[in-house]
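Examination of the molecular architecture
What follows is each chain in one-letter form.
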Amino acid sequence: MAKKLVIKVTAGADAPERCSQAFTVAAVAVASGVEVSLWLTGESSWFALPGRAAEFELPHAAPLPDLLESILAGGRVTLCTQCAARREITEKDVLEGVRIAGAQVFVSEAVQDDVQSLVY
């Protein structure tokens, strides 16, 4: 098993199943003791804001706020710099524990030894 899992989720309410899968995999990995870094990009960027995960609904899926809370508690959540800027989201707007960082940080995380990367 990889020592670290880097997940980039691009989907939000526009593709709810892909979005839910990314958050579910990240939460299960955290619960399994894997170091997780979840990157919010594209439409998933909105979930960095307070209350936005609660607006997400997908039948037969774990509630997104619960998944996000568990990921924040045991892993790292990062909002893409460019995606944040396009949506006029700043560091003062995001949930506690969410950082804003760019491609250079993503690449440095994704190319480390013993890292598995997934994109949803």
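Right, let's walk through the structure included here.

Some thoughts on the sheet that holds strand β2 (residues 35–40)
The five strands lie next to each other as β4-β3-β2-β1-β5, forming an open sheet whose pairing is parallel. The open sheet has two free edges, formed respectively by β4 (98–101) and β5 (115–119), since each of these has just one partner strand. Adjacent strand axes in the sheet meet at a mean angle of 25 degrees, parallel and antiparallel pairs treated alike. In the sheet, strand β1 (residues 4–9) pairs with β5 via five bridges, with the strands oriented parallel. Bridge assignment links leucine 5 to a residue of β5, and that residue is glutamine 116. With respect to the sheet, helix α4 (residues 103–110) is in contact with β1, β2, β3 (76–80), β4 and β5, its orientation differing from that of β1 by roughly 145 degrees.

Quick word on helix α1 (residues 16–31)
Between its terminal C-alpha atoms α1 stretches 22 Å, which fits the 22 Å expected from 16 residues at 1.5 Å a residue. Here α1 has its buried residues at Cys19, Ser20, Ala22, Phe23, Ala26, Ala27, Ala29 and Val30. On its buried face, α1 is in contact with β1, β2 and α2 (64–74). Glycine 33 sits one or two positions beyond α1 and adopts a positive phi of about 90 degrees.

Considering the nonpolar core
Membership of the largest hydrophobic core comes to 32 residues, with the highest contact counts inside it found for Phe23, Leu38, Leu40, Leu64 and Leu79. Sorting the residues of this core by element identifies β1, α1, β2, α2 and β3 as the ones contributing at least two each. When residues of this core are assigned to their parent elements, the largest contribution, seven residues, is made by α1. Dropping the residues within four chain positions of it, leucine 64 is found in contact with Cys19, Phe23, Phe47, Ala53 and Phe56.

Structural notes on the packing of aromatic side chains
Applying the stated criterion across every chain yields a total of three aromatic pairs. Look at tryptophan 39 and phenylalanine 106: their rings are 5.3 Å apart centre to centre, the planes differ by 85 degrees, and that puts the pair in the edge-to-face class. With a gap of 67 residues between them, tryptophan 39 in strand β2 and phenylalanine 106 in helix α4 connect regions that are remote in the sequence. Residues tryptophan 39 and phenylalanine 106 agree in their burial class; the two are buried. Aromatic side chains phenylalanine 47 and phenylalanine 56 sit 5.7 Å apart centroid to centroid with 90 degrees between the ring planes, which places their arrangement in the edge-to-face category. For the pair formed by phenylalanine 47 and phenylalanine 56, the shared burial category is buried. Linked through ring pairs, Phe23, Phe47 and Phe56 together constitute an aromatic cluster. Residue placement shows lysine 8 over the ring face of phenylalanine 106; its charged tip is 4.3 Å from the ring centre.

As for the pattern of salt bridges
A complete count under the given rule lists six salt bridges for this structure. In this structure, the salt-bridge partner of lysine 92 is aspartate 93, at a minimum N-O distance of 3.7 Å. For glutamate 109, the salt bridge identified is with arginine 99, shortest N-O distance 2.4 Å. You can see glutamate 109 sitting in helix α4 and its partner arginine 99 sitting in strand β4, a full 10 residues away along the chain. The exposure class assigned to arginine 99 is partly exposed, which follows from its relative accessible area of 23%.

Parameters at a glance
- Residues numbered from 1 in each chain as written.
- Predicted model: local features only at pLDDT ≥ 70, side-chain atom pairs only at ≥ 80, totals over all residues.
- Heavy atoms only, no water.
- Pairing = 2+ DSSP bridges.
- Helix = DSSP H or I, 4+ residues; strand = E, 2+ residues; numbered from the N terminus.
- Axes fitted to C-alpha atoms, helices over the stretch in contact; angles between N-to-C directions.
- Contact = heavy atoms within 4.5 Å.
- Expected span 1.5 Å × (residues − 1).
- Buried < 20%, exposed > 50% of the residue type's maximum accessible area, 1.4 Å probe, protein only.
- Core = buried A, V, L, I, M, F, W, Y, C linked by side-chain atoms within 4.5 Å.
- Phe/Tyr/Trp six-rings, centres within 6.5 Å; stacked < 30°, edge-to-face > 60°.
- Lys NZ or Arg CZ within 6 Å of the ring centre and 35° of its normal.
- Salt bridge = Lys/Arg side-chain N within 4 Å of Asp/Glu carboxyl O.

Geometric descriptors of this kind do not, in isolation, establish any biological role.
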